Amino acid sequence: GQNIDQPTEMTATEGAIVQINCTYQTSGFNGLFWYQQHAGEAPTFLSYNVLDGLEEKGRFSSFLSRSKGYSYLLLKELQMKDSASYLCAVRDGDYKLSFGAGTTVTVRA
Amino acid sequence: ETGVTQTPRHLVMGMTNKKSLKCEQHLGHNAMYWYKQSAKKPLELMFVYNFKEQTENNSVPSRFSPECPNSSHLFLHLHTLQPEDSALYLCASSRERGQGTDTQYFGPGTRLTVL
């Protein structure tokens, strides 16, 4: 089966940096996705990694190490609107995604 | 707005009721998905349709019955549900097969409560 682990909760201060780790053990690997989900809303796509290394997109960056089965999502210059759940998902074939349980990030003033 | 809409947004039903959830996507995608999201648990994939054909049934109980009349619409018919079926039901769509950055676009979900 698929096993994707990420911390349940994290708290940080406005303007700070937070790093959300994700480790995975899956039967196949065809890319890793990060989604953001605000309470009561749809998950929305944040980033995609398929090769090792760092992908940067404004205040958000995502890193992947396939040999270690590890990824992280880095949120910089935190804003109050970044308070949300962040979902790590692995595509193990051509379309099927397996998700972690999500990390709830709370940004304090 | 992700281009995927779901109705109703909230539903309360008794265990003997029959109801249906509706999903519509305006993105020209050919694959559609139903997921179940329970508190503190990973999203569980329930069903996948590709070009209107069901390609995945993830051991879902028969009290959940999907229907995909065309690539833009997806339904989930519910009957004789149990209280443990209470959850957020999310619909998603994508191009026919996930390639590269092709991702799934999610609707806002239907919050289902079974009494």
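Just so we're clear, the structure is a prediction, and the values are computed from it rather than from any experiment.

*Asks:* So what exactly am I meant to see when it comes to the environment of Gly-28 of chain B here?
*Replies:* By the element assignment, Gly-28 of chain B lies in the loop between strand E3 (18-25) and strand E4 (31-37). Once the C-alpha coordinates of Gly-28 of chain B and Thr-2 of chain B are considered, the two residues, 26 residues apart in sequence, prove to be 13 Å apart.

*Asks:* It is not clear to me how the interface of chain B and chain A should be interpreted in this structure. Could you clarify?
*Replies:* Many authors give the size of an interface as the accessible area that is lost as the parts come together. Between chain B and chain A, the contact holds 27 residues from the first and 22 residues from the second. For the pairing of chain B and chain A, the buried interface totals around 1900 Å² over both sides, and the portion due to carbon and sulfur atoms is 54%. Linking chain B to chain A there are one salt bridge. We note a salt bridge from Lys-96 of chain A to Glu-56 of chain B, for which the minimum N-O separation is 3.0 Å. Between chain B and chain A we count five residue pairs in polar contact (both at pLDDT 80 or more) in total. Of all the secondary-structure elements, those providing two or more residues to the side of chain B that touches chain A are E4, strand E5 (44-50), strand E6 (53-57) and strand E9 (87-94) of chain B. Looking at the side of chain B that touches chain A element by element, the count peaks at three residues for E4 of chain B. Partitioning the side of chain B that touches chain A into residue classes produces ten nonpolar, eleven polar and six charged.

What counts, and at which threshold
Residues numbered from 1 in each chain as written. Chains lettered and ligands numbered in written order. Predicted model: local features only at pLDDT ≥ 70, side-chain atom pairs only at ≥ 80, totals over all residues. Heavy atoms only, no water. Helix = DSSP H or I, 4+ residues; strand = E, 2+ residues; numbered from the N terminus. Contact = heavy atoms within 4.5 Å. Buried area = accessible area lost by both parts, 1.4 Å probe. Salt bridge = Lys/Arg side-chain N within 4 Å of Asp/Glu carboxyl O. Polar contact = N/O pair within 3.5 Å; in protein donor to acceptor, adjacent residues only side chain to side chain. Nonpolar A, V, L, I, M, F, W, Y, C, P; charged D, E, K, R; others polar.

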